[in-house]
Amino acid sequence: MHTITEVIIFYFSGTGNAKQIATWFAEFAEKKGFDCKLVNIQNIDTKTISSYASDKLLMIISPVHGFNYPKITLNFIIRFPKGNNRVVLMNTRAGMRIGKWVTPGISGISFYIASLIIKIKGYKIQGMIPFDMPSNWLTLHPALKLKSVKLLHKVNYDRVEKHAGKIFAEKNVFFAFKEILQDLLVSPIALGYFFIGQFGLAKTFYASTACDNCGLCIKQCPLNAIKMLKGRPFWTFKCESCMKCMNNCPKKAIEAGQAFLIIISVISSITASLLLNHLFFVKLSSGFIHSLLFALVFFLFIVVFYRLQHLLLRYKFTAKIISFLSLTHYKFWGRYKSIPDHRWKE
Ligand SMILES: Cc1cc2nc3c(=O)[nH]c(=O)nc-3n(C[C@H](O)[C@H](O)[C@H](O)COP(=O)(O)O)c2cc1C
Ligand code: SF4
Ligand code: SF4
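Residues numbered from 1 in each chain as written. Chains lettered and ligands numbered in written order. Predicted model: local features only at pLDDT ≥ 70, side-chain atom pairs only at ≥ 80, totals over all residues.

## Some thoughts on the overall build of the protein
Rules: Think of it this way: any DSSP run of H or I at least four residues long counts as a helix, any run of E at least two long counts as a strand, and we number them from the N terminus. Our radius of gyration is a C-alpha quantity, and the globule rule it is checked against amounts to 2.2 Å times the number of residues to the power 0.38. As a rule, residues whose C-beta atom has 12 or fewer other C-beta atoms within 10 Å are exposed, those with 20 or more are buried, and those in between are partly exposed; C-beta atoms are placed from the backbone.
Assigned secondary structure in the protein consists of 12 helices and 11 strands. For 346 residues, the compact-globule estimate of 2.2 N^0.38 gives 20 Å, and the C-alpha radius of gyration of the protein, at 22 Å, lies within 12% of that figure. Counting only residues that meet the buried cut, the protein has 38% of its 346 residues in that class.

If you want it as structure tokens, here you go:
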């Protein structure tokens, strides 16, 4: 194995956390005298990726989505050509603040799936490092306050400095192993998220009456998941809930309707039970059949009701009711984007 001459950092980022960590690593790599290149995974044509000379250190960083790397990152790793470079895997997770403490997010199976694929391709894993940047999962909780965001940025900057020292001295850093038990315990949820993430969460997004059709969300989506339908943005199943659109909309018009998802889940569950009991005469205790039927009904309802909601958003009165039922509509919920260095360093 050659010693490092150059560092290539591949990143995917929805709201800037992973990009921020990548940028800090680049900063420390350059201080150490290495050339460093930042490559955004969303701009890579995965059909034409070429391999890298073995004296280049490859680093990959991406947020965790549903206890795993998002599909765009996994797809990139799967398509990566064979090689024998050193590879450092990193992720950004949902950090929160309690007083002066930063609570950790959960990596789940992200490192283990990715390292398995990378190992099979012949690479040597030099590190697996999680970073607990501010959580951007605004479908579930309000945005963190600026004071917390600043603290989390500072703590993570210090962590990057510490880990970069070791990584660029060619030492191994397997910080992620500390959490292996908890990661394995949540692995079944990671599989479930593959379904819920793409077919459920993505369909919570809609543009409220504040939308002025500027088209920015469509242009910036890393997955081309939004299209203009009947004069307003429409979210397709390609969406991976990276949160970029919602947090970048200049009008704060993108909302995630939690009530929509809850209502669809409840009526899907009732419909699945009724179908089993009255149509197929199967006892409710057959959990597997119920879950399967629930999934089918849920998918059908989400397609139909999301279209219906899209139609209703054209009318002021119904659009107001839809927004009224969404927590993300209210000011206190806020929006999140990673903040520039000068704002937390000052
Ligand atoms: C849909 C979704 C799912 C998420 N799942 C997890 C998770 O399983 N574990 C975790 O620690 N954080 C989770 N998060 C939080 C993000 O991983 C975290 O905020 C990350 O730092 C965002 O990075 P980015 O700004 O580069 O996109 C999730 C966020 C979203 C939007
Ligand atoms: S970025 Fe916001 S205002 Fe612009 S089209 Fe998208 S939802 Fe509408
Ligand atoms: S539609 Fe929005 S949340 Fe979904 S992938 Fe695109 S930018 Fe991310």
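## Focus on the sheet that holds strand β3 (residues 56-63)
The condition is simple: Should DSSP find at least two bridges between two strands, the strands are taken to pair. For helices, the fitted line uses only the C-alpha atoms of the stretch in contact; every axis is such a line through C-alpha atoms, and the angle between N-to-C directions lies from 0 to 180 degrees. The contact criterion used is a C-beta to C-beta distance within 7 Å, with each C-beta placed from the backbone.
One open sheet holds the 5 strands; their spatial order is β2-β1-β3-β4-β7, and the pairing between them is parallel. Taken across any chain shown, the strands that pair with only one partner, and hence form the sheet edges, are β2 (35-40) and β7 (124-131). Averaged over all pairs of adjacent strands, the angle between strand axes in this sheet comes to 15°, irrespective of strand direction. In the sheet, strand β1 (residues 6-11) pairs with β3 via 6 bridges, with the strands oriented parallel. What sits directly across from Ile9, in β3, is Met59. Its contacts with the sheet put helix α4 (residues 146-167) on β4 (86-92) and β7, and the angle it makes with β7 is roughly 170°.

## Digging into unusual backbone geometry
You will see that Met243, though not glycine, has its phi angle at about 80°, which is positive. Within the secondary structure layout, Met243 lies in the loop between β10 (232-235) and α8 (244-248). We classify Met243 as buried; it has 23 C-beta atoms within 10 Å.

## Notes on the domain arrangement of the protein
Under the convention used in this document: Each domain's extent was defined by an automatic or database domain assignment. Each residue is assigned to one class: nonpolar for Ala, Val, Leu, Ile, Met, Phe, Trp, Tyr, Cys and Pro, charged for Asp, Glu, Lys and Arg, and polar for all the others, Gly among them.
Under the domain assignment used here, the protein contains domain 1 (6-190) and domain 2 (195-333). Taking only C-alpha atoms, the centre of domain 1 and the centre of domain 2 are 29 Å apart. Taken together, the residues of the side of domain 1 that touches domain 2 break down into 5 nonpolar, 7 polar and 1 charged.

## Quick notes on the packing of helix α1 (residues 17-31) against α4
Counted only if it meets this: Angles are sorted into four bins: roughly parallel if under 35 degrees, roughly antiparallel if over 145, roughly perpendicular if 65 to 115, and oblique for all others. Should the near helix be turned anticlockwise from the far one by less than a right angle, the crossing is left-handed, and should it be turned clockwise, the crossing is right-handed.
Direction vectors running N to C along α1 and α4 enclose 45°, while the axes themselves pass 10 Å from each other. Comparing their axes, α4 and α1 come out oblique. At the point where α1 passes α4, the crossing takes the right-handed sense. Contact residues: Ile21, Trp24, Phe25 and Phe28 in α1; Asn156, Tyr157, Val160, Glu161 and Ala164 in α4. The residue makeup of the contact of α1 with α4, split by class, is 7 nonpolar, 1 polar and 1 charged.

## Remarks on the environment of Ile41
Positionally, Ile41 belongs in the loop between β2 and β3. Judged by C-beta crowding, with 21 C-beta atoms within 10 Å, Ile41 ranks as buried. Along the sequence, Ile41 and Ile4 sit 37 residues apart, while their C-alpha atoms lie 22 Å from each other.

## Examining α1
Here is the rule: Given the number of residues in a helix, its expected span is that number minus one, multiplied by 1.5 Å.
In a regular helix each residue adds 1.5 Å, so 15 residues correspond to 21 Å; α1 covers 21 Å between its end C-alpha atoms and thus fits that length. Where α1 is concerned, the buried positions are Asn17, Ala18, Gln20, Ile21, Ala22, Trp24, Phe25, Ala26, Phe28 and Ala29. Residues of α1 that are buried make contact with β1, β2, β3, β4, β7 and α4.

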